[in-house]
Amino acid sequence: MASAPPLTPCRHLHLRPITAKPTQLLSPITITTPRKISSVHVSTATSDSMTSRRYIHPSLEIVGGGPHRDSILQDLKTLSLPYNPFPVIGWNGHVETLFAAFFRCVPDVRLRRECLRTEDNGTVALDWVSGDDRYLPRDSPILILLPGLAGGSGDAYVRHMLVRARSKGWRVVVFNSRGCANSPVTTPQFYSSSFLGDMREVVEHVATRFPKANLYAVGWSLGANILVRYLGQESHTCPLSGAVSLCNPFNGLLTDQNLRKGFNIVYDKALARSRREIFKKHALLFEDMGGEYNIPLAANAKTLREFDEGLTRVSFGFKSVDDYYYNSSSSDSIEHVRIPLLCIQAANDPICPSVGIPREDIKENPNCLLIITPKGGHLGWIAGVEALRGAPWTDPVVMDYLEHLERGASKGLASCSNSVYVQQYAEPEGLLSLEVL
């Protein structure tokens, strides 16, 4: 395998349009269901087993993991070290959140954009690393990245994860939701926590392009919520081989209530502003919308709740904002997840309250593993060897987990079609193009 060109550490994002070229999407993927195994005998490791303790530093809280818990934990080398937040900045959730958002360096990566037309004539933008089609084998593992609310391929936390995965020989693609990262909006509908149609089409499209590759996904914040809901709804037929959820809101009602308290109002206003800016770029599409839509409220929303009341909940068929938040929460999806899932949360996340983490559901589902750090803020995690301005503490943990799963997949370690992910220790038997500079 030819080595890929090196990546320059940190520069800002520049977009340069190139000649548009129509493409024809490939036919839908056909998913072959694995053979059904009537029974599998595994020994269950208790949460307080002596084996687990050897791999976990007491500064971290670990929940769940099922029968393969010890096998995973021994590969997550970072967990044996103490979680040491960066002095001063890393000890306050608000300071850490804001510092990471504004001062974390942005790795310089050349990206090739593919705009995917969806079944309802909407458009999502897929940003691939430029040149990887020449450097990587067709069966290289693929990582789909789902940014947070209004986020995209230009965000620092997304870029750092992309660079790390690519350095390990993975093919990476960023899924930019409608209107995000300058993704075109071609219908009067954006994205939401409740809508999984785009996620399904993106996974199907990527799997069809690379039928011999194993697919994985990592989501942050809103992207994590969408990802976990997707895993729950797809359940036994999910084509992904593993997934990671970071800073997941989990409970929409609790997150909404939390955003309206104290200093968190600052985040609420900032998130609402990001939604307004995307909306105003495409306001003409919504000009003649009738019914329950309140376009002036959405266009001038001071809070996320106002934006969702005026536009989102109506667009996706909910009778009220609370109805939308309740039915868009991913906490209820955990019990239906049938592929390996790692969830990482920060105990002091100011946006996604730790009280909303579905600890019991994660503990009862042997496919799921939860790591809770004492600090980290929201998408911060300014700790570890790359602090202060480098990659979040979570990145090496995520990559170790994904490589653990990929090693198992490459050895033919499979899960049965109607049961949990089981580590077997027996003897082996397109419409537009764009370059991001």
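Residues numbered from 1 in each chain as written. Predicted model: local features only at pLDDT ≥ 70, side-chain atom pairs only at ≥ 80, totals over all residues. Heavy atoms only, no water.

### Digging into the packing of aromatic side chains
No. 1: Going through the model one piece at a time under the given rule, you end up with 13 aromatic pairs.
No. 2: Ring geometry for Tyr-324 versus Tyr-325: centroids 5.3 Å apart, planes at 40 degrees, classification tilted. The pair formed by Tyr-324 and Tyr-325 is uniform in burial state, with each residue classed as buried.
No. 3: Taken together, the aromatic side chains of Phe-190, Phe-279, Phe-286 and Phe-307 make up a single cluster linked through ring pairs.
No. 4: Cation over ring: Arg-275 sits above Tyr-191, and NZ or CZ is 4.7 Å from the ring centre. (Phe/Tyr/Trp six-rings, centres within 6.5 Å; stacked < 30°, edge-to-face > 60°. Buried < 20%, exposed > 50% of the residue type's maximum accessible area, 1.4 Å probe, protein only. Lys NZ or Arg CZ within 6 Å of the ring centre and 35° of its normal.)

### A closer look at the environment of Ala-217
No. 1: Positionally, Ala-217 belongs in strand 7 (residues 215-220).
No. 2: Look at Ala-217 and you get buried, because its relative accessible area is 0%.
No. 3: As for Ala-217 and Val-172, which are separated by 45 residues in sequence, their C-alpha atoms are 9.6 Å apart.
No. 4: Discounting residues that sit within four places of it in the chain, Ala-217 has contacts with Leu-143, Ile-144, Leu-146, Leu-227, Leu-240, Gly-242, Ala-243 and Val-244. (Helix = DSSP H or I, 4+ residues; strand = E, 2+ residues; numbered from the N terminus. Contact = heavy atoms within 4.5 Å.)

### Quick word on unusual backbone geometry
No. 1: In this structure, Asn-121 is a non-glycine residue whose phi angle is positive, near 70 degrees.
No. 2: As for its placement among the helices and strands, Asn-121 is situated in the loop between strand 3 (111-117) and strand 4 (123-129).
No. 3: On the basis of relative accessible area, Asn-121 is assigned to the partly exposed category, the value being 48%.
No. 4: At Leu-379, a residue that is not glycine, the phi angle is positive and equals roughly 60 degrees.

### Concerning the pairing of strand 9 (residues 341-346)
No. 1: The element strand 9 is extensively covered by neighbouring structure, given that six of its six residues are classed as buried.
No. 2: Burial of the side chains of strand 9 extends over both faces: Leu-341, Cys-343 and Gln-345 are buried on one face and Leu-342, Ile-344 and Ala-346 on the other.
No. 3: Sheet analysis places strand 8 (residues 242-246) next to strand 9, joined by four bridges and oriented parallel. Counted as the bridge partner of Ser-245 is Cys-343 from strand 9. (Pairing = 2+ DSSP bridges.)

### Here we look at the state of the cysteines
No. 1: Under the definition given, this model contains zero disulfides.
No. 2: Looking at the unpaired Cys-247, the closest cysteine sulfur is the one in Cys-352, lying at 6.1 Å.
No. 3: Relative accessible area serves as the criterion here: at 0%, Cys-247 is assigned to the buried category. (Disulfide = S-S within 2.5 Å.)

### Here we look at empty space enclosed by the protein
No. 1: Taken as a whole, the largest cavity spans an internal volume of roughly 90 Å³.
No. 2: Leu-146, Pro-147, Gly-148, Gly-151, Phe-175, Asn-176, Ser-177, Cys-180, Tyr-191, Leu-222, Gly-223 and Ile-226 are the residues that line the largest cavity.
No. 3: Among the elements of the structure, strand 6 (171-176) and helix 7 (222-234) are those that each provide at least two residues to the lining of the largest cavity.
No. 4: Tallied by class, residues from the lining of the largest cavity come to seven nonpolar, five polar and no charged. (1 Å grid on protein atoms, 1.4 Å probe; cavity = no way out; pocket = protein on both sides within 12 Å on 5 of 7 lines; lining within 4 Å. Points joined across faces, edges and corners; volume = space filled by probe spheres on them. Nonpolar A, V, L, I, M, F, W, Y, C, P; charged D, E, K, R; others polar.)

### Section: the nonpolar core
Nonpolar side chains tend to gather and get buried jointly when the protein is soluble and globular.
No. 1: Core analysis: the biggest nonpolar cluster contains 59 residues, and Ile-144, Leu-231, Leu-240 and Leu-341 have the highest contact counts within it.
No. 2: Once you skip the residues sitting within four places of it in the chain, Ile-144 turns out to touch Val-173, Phe-175, Val-203, Val-206, Leu-215, Tyr-216, Ala-217 and Val-218. (Core = buried A, V, L, I, M, F, W, Y, C linked by side-chain atoms within 4.5 Å.)

### Focus on the pattern of salt bridges
Where charged atoms from two side chains of opposite charge come close, those side chains can pair.
No. 1: Using the criterion set out here, one finds 17 salt bridges in the structure.
No. 2: In this structure, the salt-bridge partner of Arg-359 is Glu-61, at a minimum N-O distance of 3.3 Å. Of this pair, Arg-359 sits in helix 13 (residues 359-364) while Glu-61 sits in strand 2 (residues 61-64); the two residues are 298 residues apart in sequence, bridging distant segments of the chain.
No. 3: Residue classification places Glu-61 among the partly exposed residues on the basis of a relative accessible area of 32%.
No. 4: The residue Asp-127 makes a salt bridge to Arg-113 at a minimum N-O spacing of 2.8 Å. On the criterion of sequence distance, the pair formed by Asp-127 in strand 4 and Arg-113 in strand 3 is long-range, its members being 14 residues apart.
No. 5: Judged by relative accessible area, which is 0%, Asp-127 ranks as buried.
No. 6: Exposure remark for Arg-113: the relative accessible area of 3% places this residue in the buried category.
No. 7: Through salt bridges that share partners, Arg-112, Glu-114, Asp-133, Arg-171 and Arg-209 make up one connected network. (Salt bridge = Lys/Arg side-chain N within 4 Å of Asp/Glu carboxyl O.)

### Considering a negative patch on the surface
No. 1: A surface patch of negative charge is lined by Asp-332, Glu-335, Glu-360, Asp-361 and Glu-364.
No. 2: Within the secondary structure, Glu-364 is located in helix 13. (Patch = residues over 30% accessible without salt bridge, like charges linked within 9 Å, V, L, I, M, F, W, Y side chains within 5 Å. Areas by Shrake-Rupley, 256 points an atom, 1.4 Å probe, with all protein chains shown as cover. Lys, Arg positive; Asp, Glu negative; His and termini not counted. Charge placed at Lys NZ, Arg CZ, Asp CG, Glu CD.)

### Some words on the pairing of strand 7
No. 1: In terms of residue burial, strand 7 counts as a mostly covered element, since six of its six residues are buried.
No. 2: Covered by surrounding structure in strand 7 are Leu-215, Ala-217 and Gly-219 together with Tyr-216, Val-218 and Trp-220, the residues of both alternating faces.
No. 3: As judged from the five bridges shared by strand 5 (residues 142-146) and strand 7, these two strands associate in the parallel manner. Paired with Ile-144 across the two strands is Ala-217, which belongs to strand 7.
No. 4: Relative to strand 8, strand 7 runs parallel, the two sharing five bridges. Residue pairing for strand 8: Trp-220 is matched across the bridge by Leu-246.
No. 5: With respect to chirality, the unit in which strand 7 leads through helix 7 into the neighbouring parallel strand 8 is right-handed. (Right-handed = clockwise from strand over helix to strand, strands pointing away.)

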